[in-house]
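Chain residues, written in single-letter form:
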Amino acid sequence: MPELPFLTVLSENLKRQVQGREIREVVVRGVSALKTFDPPIDRLRGARITDVRRRGKYLLFDLLPDLVLVMHLMRNGRLQLAAEPAAGRRPSGRAGRDVALALTLDDGRTLRLIEMGTKKRAAVWLFRRGEESGGPLAGLGSEPLSDAFTPAALAEMLRAGRMRLKQFLTTQRYVVGIGNAYADEILWEARLSPQAMTTTLGPAEVDRLHAAIRATLARGIDGHRQVLGDALPMKEPLHLLSVHRHGKEPCPRCGAPIAVIFYEDRETYYCPACQSGGRVYADRRRSRLLR
Ligand SMILES: [Zn+2]
């Protein structure tokens, strides 16, 4: 699933491409993706894109005169800029069926929300300006790269939410934008166990976690910028990740093999030597089947 570095660079590159453009045509193909009906999506026709922003894992398009379009790509949603208009020649084959929303711009290009796979979960909301904060953005936690996210603020959040660190980092209620991959990267960087409870961290560990959140995400953004240039990202560049999806490979810090915990449809990668005092956690997927 796209996370903060991917979505930051997507919003930056998209903004460069579409800022100032007027929407000429709106085609909704994936009806289930559209989560609001008032104002109607047709109101986008004639609207001008003034900004593209990221908040947590959401993309926000500010539009004149008075609209905000909010998108969540979920796991498989992606944005593309195509050279041709939305109507007219309908995209053929699989690619055509996977288009959820198409916005034709006044320069003839079309911004498409596409979603691969059978589970269609990408979501789009249209709000009048000022009303977007009451939608899916309500209840989101702090932006981890903002000035407000201090070690003291993190310590307060860790006290408030008693849960495992991996869950804490990915819940979006305390810190936003971090998903399964970057949570693993951050905890590896901080040398903290994904299974540790938030309430057991000492001051030095809180500081280490705070520094790791900032450094890992900032490095991720830089890495994405270098890999992608001006392009809109389609795939997470896996080589930017040190431990996530690097199971059994040597830990880049100590050389011990990276271990994996499977739980439901999520995998957690960690270094037992650096992060959990040598402890290798049970493969919870297998132990559940044997129970
Ligand atoms: Zn290690």
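Residues numbered from 1 in each chain as written. Predicted model: local features only at pLDDT ≥ 70, side-chain atom pairs only at ≥ 80, totals over all residues. Heavy atoms only, no water.

Our focus in this paragraph is helix α3 (residues 151-160). Buried within α3 we find Leu154, Ala155, Met157 and Leu158. Each buried residue of α3 sits inside an arc of 160° when the element is viewed along its axis, so together they form one side. Seen from the open side of α3, the exposed residues pointing more than 90 degrees away from its buried face are Ala152, Arg159 and Ala160. On its buried side, α3 packs onto α4 (165-170) and α6 (203-228). (Buried < 20%, exposed > 50% of the residue type's maximum accessible area, 1.4 Å probe, protein only. Helix = DSSP H or I, 4+ residues; strand = E, 2+ residues; numbered from the N terminus. Arc of directions from axis to C-beta. Contact = heavy atoms within 4.5 Å.)

A few words on the coordination of the zinc ion. Summarising the metal site, the zinc ion is bound by the protein donors Cys251 (SG), Cys254 (SG), Cys271 (SG) and Cys274 (SG), whose distances to it range over 2.2 to 2.4 Å. With 4 donor atoms in place around the zinc ion and angles of 99 to 117° between them, the coordination shape is tetrahedral. When the donor residues of the zinc ion are listed from N- to C-terminus, their spacing reads C-x2-C-x16-C-x2-C. (Donors = N, O, S within 2.8 Å, 3.2 Å for Na, K, Ca; no water. Tetrahedral: all angles 85-135°; square planar, octahedral: opposite > 155°, others 65-115°.)

By way of backbone hydrogen bonds, the strands of a sheet pair with one another, either parallel or antiparallel. Pairing is antiparallel across the open sheet formed by 4 strands, whose spatial order is β2-β3-β4-β8. Both edges of this open sheet fall to β2 (48-55) and β8 (123-128), since each of them pairs with a single strand only. The sheet shows a mean angle of 20° between the axes of neighbouring strands, direction not considered. Inspection of the sheet shows strand β4 (residues 67-72) paired to β8 by 6 bridges, in the antiparallel sense. Within β8, the position partnered with methionine 71 by the bridge is valine 124. Together, β2 and β3 (58-64) form the strand contacts of helix α1 (residues 4-18), whose direction differs from that of β2 by roughly 170°. (Pairing = 2+ DSSP bridges. Axes fitted to C-alpha atoms, helices over the stretch in contact; angles between N-to-C directions.)

Now for the sheet that holds strand β6 (residues 99-105). One open sheet holds the 4 strands; their spatial order is β1-β6-β7-β5, and the pairing between them is antiparallel. The strands lining the two open edges of the sheet, one partner per strand, are β1 (23-28) and β5 (77-82). Neighbour-to-neighbour, the strand axes of this sheet turn through a mean angle of 15°, independent of strand direction. Here β1 runs beside β6; their pairing, made up of 5 bridges, is antiparallel.

A word on the environment of valine 26. Examined against the element boundaries, valine 26 turns out to sit in strand β1. Counting along the chain gives 226 residues from valine 26 to proline 252, while the straight-line C-alpha distance between them is 48 Å. In contact with valine 26, not counting residues within four places along its chain, are Ile41, Leu44, Arg45, Leu101, Ala102 and Leu103.

By the secondary structure assignment, histidine 246 is in the loop between α6 and β9 (259-263). What histidine 246 contacts, discounting residues up to four positions off in sequence, is Leu238, Leu241, Ile258 and Tyr269.

Turning our eyes to something else, we now look at the packing of aromatic side chains. In this structure the tally under the stated criterion is 3 aromatic pairs. Relative to tyrosine 281, the ring of tyrosine 270 has its centre 5.4 Å away and its plane inclined at 50°; by these criteria the two rings are tilted. Of this pair, tyrosine 270 sits in strand β10 (residues 266-270) while tyrosine 281 is found in the loop between α7 (272-275) and α8 (284-290), placing the two residues 11 residues apart along the sequence. The exposure class assigned to tyrosine 281 is buried, which follows from its relative accessible area of 12%. One Lys or Arg, arginine 253, reaches over the ring of tryptophan 188 and ends 4.1 Å from the middle of that ring. (Phe/Tyr/Trp six-rings, centres within 6.5 Å; stacked < 30°, edge-to-face > 60°. Lys NZ or Arg CZ within 6 Å of the ring centre and 35° of its normal.)

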